[in-house]
Amino acid sequence: DAGVIQSPRHEVTEMGQEVTLRCKPISGHNSLFWYRQTMMRGLELLIYFNNNVPIDDSGMPEDRFSAKMPNASFSTLKIQPSEPRDSAVYFCASSHFRTENEKLFFGSGTQLSVL
Amino acid sequence: AQKVTQAQTEISVVEKEDVTLDCVYETRDTTYYLFWYKQPPSGELVFLIRRNSFDEQNEISGRYSWNFQKSTSSFNFTITASQVVDSAVYFCALSVTNSGGYQKVTFGIGTKLQVIP
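The following paragraphs examine the structure supplied in this document. (Residues numbered from 1 in each chain as written. Chains lettered and ligands numbered in written order. Predicted model: local features only at pLDDT ≥ 70, side-chain atom pairs only at ≥ 80, totals over all residues. Heavy atoms only, no water.)

Quick word on a nonpolar patch on the surface
Point 1. A cluster of nonpolar side chains, Val53 and Ile55 of chain A together with Tyr102 of chain B, forms an exposed patch at the surface whose accessible area comes to about 230 Å².
Point 2. When you line up the elements, valine 53 of chain A lands in strand β6 (residues 53–56). (Patch = residues over 30% accessible without salt bridge, like charges linked within 9 Å, V, L, I, M, F, W, Y side chains within 5 Å. Areas by Shrake-Rupley, 256 points an atom, 1.4 Å probe, with all protein chains shown as cover. Salt bridge = Lys/Arg side-chain N within 4 Å of Asp/Glu carboxyl O. Helix = DSSP H or I, 4+ residues; strand = E, 2+ residues; numbered from the N terminus.)

Pasting the structure below:
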């Protein structure tokens with residue numbers, strides 16, 4: 001398996017622009033997580049999907065952030081409009097609580113810079 | 001509520017020294033998993049170990065060892081004879097899955113380890 005695939009690896013955009021981050025989880029996994037990593041806050045859970053359904057979005061900072069999982073093999077995290085404080089590394093992770101015993105598999109992350 | 005505390009934000013050691021990374025967790029659940037992940041400078045997060053709450057046996061893997069103590073809610077990680085390649089940020093994590101199959105994973109803030117040659 002190719003592992004969790006995230007795109008793009010790097011994104012530089014200007015304040016006010018829309019940003020879309022993409023994630024392809026490992027086939028067969030039924031849990032998908034979006035995390036944001038910053039120096040100040042470490043790894044923050046933004047949203048968690050189970051069987052394509054958002055279960056916990058309490059970590060989504062505000063209405064500018066939205067996430068979708070239209071099917072088991074694809075998820076997006078959108079920021080509109082983006083702000084400089086959104087600059088961070090965004091990780092996607094997938095798992096299956098039963099077959100993987102809750103181990104998370106992480107993508108390589110997207111380094112987002114909002115100027 | 002779940003919480004993971006890694007009190008050490010940064011540690012520096014000289015190569016070949018032993019170093020222990022502390023992790024203290026809080027949960028009301030009796031069934032859970034504990035993890036350590038490594039994040040080298042390249043940025044990806046790499047799984048190191050998983051422990052379930054019913055298995056308090058300590059584990060050794062090469063230069064790495066883990067000490068799980070439920071009595072103190074701790075899951076500490078020791079690197080023996082540290083090497084420069086061990087320089088990374090290490091995350092401790094707690095995972096709980098409820099009866100509905102919903103998984104909640106809480107990460108600590110991470111400990112940045114610098115091994116000086």
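Digging into the pattern of salt bridges
Point 1. Under the definition given, this model contains twelve salt bridges over all chains.
Point 2. Between arginine 85 of chain A and glutamate 62 of chain A there is a salt bridge, and its shortest N-O distance comes to 3.3 Å. Taken together, the residues span a long stretch of sequence, with arginine 85 of chain A in the loop between β8 (74–79) and β9 (88–95) and glutamate 62 of chain A in the loop between β6 and β7 (65–71) at a distance of 23 residues.
Point 3. Glutamate 59 of chain B is the salt-bridge partner of arginine 51 of chain B, the closest N and O atoms lying 2.9 Å from each other.
Point 4. A relative accessible area of 9% means that arginine 51 of chain B is categorised as buried.
Point 5. Of the residues examined, glutamate 59 of chain B reaches a relative accessible area of 29% and is grouped as partly exposed.
Point 6. When salt bridges that share partners are traced, they join Glu62, Arg64, Glu83, Arg85 and Asp86 of chain A into one network. (Buried < 20%, exposed > 50% of the residue type's maximum accessible area, 1.4 Å probe, protein only.)

Some words on the environment of proline 70 of chain A
Residue and element names in this part refer to chain A.
Point 1. With respect to the element layout, proline 70 can be found in strand β7.
Point 2. Judged by its relative accessible area of 59%, proline 70 is exposed.
Point 3. Proline 70 sits 18 residues away from asparagine 52 along the chain, and the two C-alpha atoms are 6.8 Å apart.

As for unusual backbone geometry
Residues and elements named next belong to chain A.
Point 1. The peptide bond linking serine 7 to proline 8 adopts the cis configuration, its omega dihedral lying at -10 degrees.
Point 2. The topology assignment puts proline 8 in the loop between β1 (5–7) and β2 (10–13).
Point 3. Between glutamine 80 and proline 81 the backbone carries a cis peptide bond, its omega angle lying at -5 degrees.
Point 4. Among the secondary structure elements, proline 81 is positioned in the loop between β8 and β9.

Notes on the environment of proline 61 of chain A
All names here are of chain A.
Point 1. Mapping proline 61 onto the fold places it in the loop between β6 and β7.
Point 2. Since its relative accessible area comes to 33%, proline 61 is described here as partly exposed.
Point 3. Separated by 43 residues in sequence, proline 61 and leucine 104 place their C-alpha atoms 22 Å apart.
Point 4. With residues up to four places along the chain from it excluded, the contact list for proline 61 reads Arg36 and Leu46. (Contact = heavy atoms within 4.5 Å.)

A look at the sheet that holds β8 of chain A
Residue and element names in this part refer to chain A.
Point 1. Here we have four strands laid out as an open sheet, ordered β1-β3-β8-β7, and antiparallel in their pairing. In this open sheet, the two strands that pair with only one neighbour each are β1 and β7. Going from strand to strand, the sheet's axes swing by 15 degrees on average, the running direction of each strand aside.
Point 2. Bridge count for strand β3 (residues 19–24) against β8 is five bridges, and the pairing is antiparallel. Residue pairing across strands places valine 19 opposite isoleucine 79, the latter belonging to β8. (Pairing = 2+ DSSP bridges. Axes fitted to C-alpha atoms, helices over the stretch in contact; angles between N-to-C directions.)

Quick word on the packing of aromatic side chains
Point 1. Scanning the model with the defined rule gives 21 aromatic pairs over all chains in all.
Point 2. A ring pair is formed by phenylalanine 33 of chain A and tyrosine 48 of chain A, whose centres lie 4.8 Å apart and whose planes are at 15 degrees; its orientation type is stacked. With phenylalanine 33 of chain A in strand β4 (residues 31–38) and tyrosine 48 of chain A in strand β5 (residues 42–50), the pair connects residues that are 15 residues apart, well separated along the chain. The residues phenylalanine 33 of chain A and tyrosine 48 of chain A share a single accessibility class, namely buried.
Point 3. Pairing phenylalanine 68 of chain B with phenylalanine 75 of chain B gives two aromatic rings, centres 5.9 Å apart and planes at 80 degrees, and the pair type is edge-to-face. Phenylalanine 75 of chain B matches phenylalanine 68 of chain B in its accessibility class, with the two residues each being buried.
Point 4. Through successive ring pairs, a cluster of aromatic residues spans Phe33, Tyr35, Tyr48, Phe91 and Phe106 of chain A together with Tyr33, Phe35, Tyr37, Phe47, Phe91 and Phe107 of chain B. (Phe/Tyr/Trp six-rings, centres within 6.5 Å; stacked < 30°, edge-to-face > 60°.)

Some remarks on the state of the cysteines
Residues and elements named next belong to chain A.
Point 1. Counting across every chain of the model gives two disulfides over all chains.
Point 2. Note that cysteine 23 is cross-linked by a disulfide to cysteine 92, the S-S spacing being 1.9 Å. Classification of the bridge connecting cysteine 23 and cysteine 92 rests on its S-S torsion, roughly -65 degrees, and on that basis the disulfide is left-handed. Of this pair, cysteine 23 sits in strand β3 while cysteine 92 sits in strand β9, and the two are 69 residues apart along the sequence. By the burial criterion, cysteine 23 is buried, and cysteine 92 matches it. (Disulfide = S-S within 2.5 Å.)

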